[in-house]
Amino acid sequence: MKELRLAVIGKDVSKSTSPEIHKFIATSMGKSISYEKISVPVYGFEQCISEILEAYYGVNVTIPYKLSVIPYLKKLDGDAKTFGSVNTVTTRDLCGYNTDGVGYSMMLENENVDVKSKEVLLLGAGGAGRSVSKKLLDMGAKVSVYDKNSAKAYALSHEFGELNAIESLNVKPYYLIVNATGVGMHESEGQSPVGENLLGLCEVAVDLIYSPPKSKFLEIAEGLGKKIVNGVGMLFYQAYYSECIYFGLKPNSMQAKRLFEEYLKEN
Ligand code: NAP
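Described in the following lines is the structure provided in the data block. Note that the structure is predicted; figures quoted are calculated from it, not measured. (Residues numbered from 1 in each chain as written. Predicted model: local features only at pLDDT ≥ 70, side-chain atom pairs only at ≥ 80, totals over all residues. Heavy atoms only, no water.)

## Here's the deal with the sheet that holds strand 11 (residues 204–207)
Then comes step 1: Across the sheet, six strands lie side by side as 9-8-7-10-11-12; this open sheet has parallel pairing. Two strands in the sheet have a free side with no partner beyond their single neighbour: strand 9 (164–166) and strand 12 (227–229). Averaged over all pairs of adjacent strands, the angle between their axes in this sheet comes to 20°, without regard to strand direction.
Then comes step 2: Strands in contact with helix 4 (residues 100–110) are strand 10 (176–179), strand 11 and strand 12; relative to strand 11, the strand with the most contacts, it is inclined by about 145°.
Then comes step 3: Relative to strand 11, helix 8 (residues 216–223) is tilted by about 165°, and along the sheet it contacts strand 7 (119–123), strand 10, strand 11 and strand 12. (Pairing = 2+ DSSP bridges. Helix = DSSP H or I, 4+ residues; strand = E, 2+ residues; numbered from the N terminus. Axes fitted to C-alpha atoms, helices over the stretch in contact; angles between N-to-C directions. Contact = heavy atoms within 4.5 Å.)

See the structure below:
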């Protein structure tokens, strides 16, 4: 069996767990891959991206290159076109995909979080907030989005009509609150974008952060007896969907769920 040469590129991917996750998924599907981490400083991106796209069969793209890679591609598939952001590239045809939104939907589905006709508060209207908001709307949720930079929330609601941009956080009950702000990781570890007043009124709290596994946001929600979900499922499922693209396989959410459960047992 031919081994596919894959890599992830980002500004600093030294701590990325993508190689382990991708290798686990590929091996479980009876496929063979190599998977490298390539950290590229912003000033060096232009010089090396074409070479990287030539050298690998498939490339995962992460912060801050999900937009900057687009001019080097020939076409964009579905969600990549909708979000104007790419996290997966098949280099044989230079096609860009975005698997973040599907990863998020699979995570909610496999956690039995049904948002249809329910009120959802999305915190953060950046790259991830964008894909999450569109998927929530597709799933029939009534979505309000808050960003500390309200222009970003309004831009999203302009783009995806049914989305309600809010300028301040009123205390009201939401079925689900999603943290897509990044607050709670790196230098903001130990902080939460919202407190007990809002989390106390929700049923489910989802944080896209997966390191630390339990952010302050999730810790507060758990302490109040709420269902909590961290971002590791989304990370795993978006990688699963990328592997399906590389190998030309149809994604199967039952298979993805089984593999994720096995992965958690082993890691
Ligand atoms: P991003 O583009 O920087 O977006 C975050 C947005 O939230 C920015 O607009 C930011 O505004 C805003 N914000 C910051 N603090 C806020 C606060 N207290 N209240 C409201 N809005 C606030 O980042 P991203 O790429 O979307 O990533 C967001 C998070 O998702 C990160 O934690 C990332 O690791 C995670 N993520 C997880 C997965 C996964 O597979 N689990 C996939 C993608 C992303 P400013 O720019 O003004 O600070």
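## Topic: the side chain of aspartate 79
Then comes step 1: Tracing the backbone through its elements, the reader meets aspartate 79 in helix 3 (residues 78–83).
Then comes step 2: Residue aspartate 79 is classed as buried on the basis of its relative accessible area of 18%.
Then comes step 3: Separated by 3.0 Å, the side chains of aspartate 79 and lysine 135 make a polar contact.
Then comes step 4: Excluding anything up to four places from it in sequence, aspartate 79 contacts Gly84, Asn98, Val102 and Lys135. (Buried < 20%, exposed > 50% of the residue type's maximum accessible area, 1.4 Å probe, protein only. Polar contact = N/O pair within 3.5 Å; in protein donor to acceptor, adjacent residues only side chain to side chain.)

## With respect to helix 4
Then comes step 1: Most of helix 4 sits out of view: ten of its eleven residues are buried.
Then comes step 2: Along helix 4, the positions that sit buried rather than exposed are Asp100, Gly101, Val102, Gly103, Tyr104, Ser105, Met106, Met107, Leu108 and Asn110.

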